[in-house]
Amino acid sequence: MNVQGLLDKIEDTLETGSKIPLSGGKIAVDAEVIKQCVEDIRYDLPIEIEKAQEVVAHHNNLIAKANNEASSIVSSAQTEADGILADAKEKANSITTTAETNANATIEAASEQARQMVETSEIARLAHEYSDRVRAQATAEAEKILKDAQNRAEAILLDANNQATETKTKAEKWSNEIRTGAAEFVEDIMRHSDEVLSANIDEIRNARKSLFGGNR
């Protein structure tokens, strides 16, 4: 029988006892039953306290595991976000490098074409004018290629930043929910255990007061 059952037994014994006339409210009860219940409570109470402590320790372990899991989630999200940004930067750099190479090749080809025309044409002035136009057109095309490449690279980096931020935000929210839920669960367990122990101790005190008339 647990402590609560023993307290109920003491209460039943007190309720079924006979009042002693002119004794100031004292009652006559089976002392052996009461003494046995008290001895059993002395034996069982440390066991129940130990069980409550085990419950608290178990749920403290749950909190620790929840915190570790939350930290792992945040760490994984950070790693994923860093990977997204690194891939985006690499892709943007590749696009920019390719664009610069293409632009330089376009300018170089135009310049060579213009040089050959100047060297082989009999109408040097027209050749120079044409070569200037070719260079200007090639330069404009190269600038457009570079601008487009930069715009694409910036768009890729912006999208990667947004994805990384969203990933980290979701992970932090999830980890906070895990921590909060675990803490609330353990708090409920500890509060309930404390209430049960306090109630048991109060009932023991009341039973002793009833038995011994408040002299012990």
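Residues numbered from 1 in each chain as written. Predicted model: local features only at pLDDT ≥ 70, side-chain atom pairs only at ≥ 80, totals over all residues. Heavy atoms only, no water.

Across its full length, the protein chain holds 3 helices and 2 strands. The order of helices and strands in the protein chain, counted from the N terminus, is α-β-β-α-α. With 216 residues in all, the protein chain has 22% of them scored as buried. For the protein chain, the accessible area works out to roughly 14900 Å², and carbon and sulfur atoms hold 52% of it. (Helix = DSSP H or I, 4+ residues; strand = E, 2+ residues; numbered from the N terminus. Buried < 20%, exposed > 50% of the residue type's maximum accessible area, 1.4 Å probe, protein only. Areas by Shrake-Rupley, 256 points an atom, 1.4 Å probe, with all protein chains shown as cover.)

Another point: the pattern of salt bridges. Should their charged atoms come close, side chains of opposite charge can pair. By the definition in use, this model includes 1 salt bridge. Notably, a salt bridge pairs Lys170 with Glu166, separated by 3.2 Å at the nearest N-O pair. Pair noted here: Lys170 and Glu166 are both in helix α3 (residues 124-212), with a separation of 4 residues, about one helical turn. (Salt bridge = Lys/Arg side-chain N within 4 Å of Asp/Glu carboxyl O.)

As for its placement among the helices and strands, Glu15 is situated in helix α1 (residues 3-16). Judged by its relative accessible area of 57%, Glu15 is exposed. Separated by 14 residues in sequence, Glu15 and Val29 have C-alpha atoms that sit 9.1 Å apart.

This part is about the nonpolar core. Listed in full, the 7 residues of the largest apolar core are Leu6, Leu7, Ile10, Leu14, Ile34, Cys37 and Ile41. For this core, the element with the most residues is α1, which contributes 4 residues. (Core = buried A, V, L, I, M, F, W, Y, C linked by side-chain atoms within 4.5 Å.)

Take the environment of Ile107 next. Note that Ile107 resides in helix α2 (residues 31-120). Those residues in contact with Ile107, other than ones at most four positions away along the chain, are Ala138, Thr139 and Ala142. (Contact = heavy atoms within 4.5 Å.)

The next thing to look at is a negative patch on the surface. A contiguous patch of negative charge, built from Asp8, Glu11, Asp12 and Glu15, is present on the exposed surface. Note that Glu11 resides in helix α1. The partly exposed category is assigned to Glu11, whose relative accessible area is 41%. (Patch = residues over 30% accessible without salt bridge, like charges linked within 9 Å, V, L, I, M, F, W, Y side chains within 5 Å. Lys, Arg positive; Asp, Glu negative; His and termini not counted. Charge placed at Lys NZ, Arg CZ, Asp CG, Glu CD.)

Across the protein chain, the average pLDDT comes to 76, with 83% of residues at or above 70. The least confident element of the protein chain is strand β2 (residues 27-28), whose mean pLDDT is 71; the most confident is α2, at 80. (pLDDT = per-residue confidence, 0-100.)

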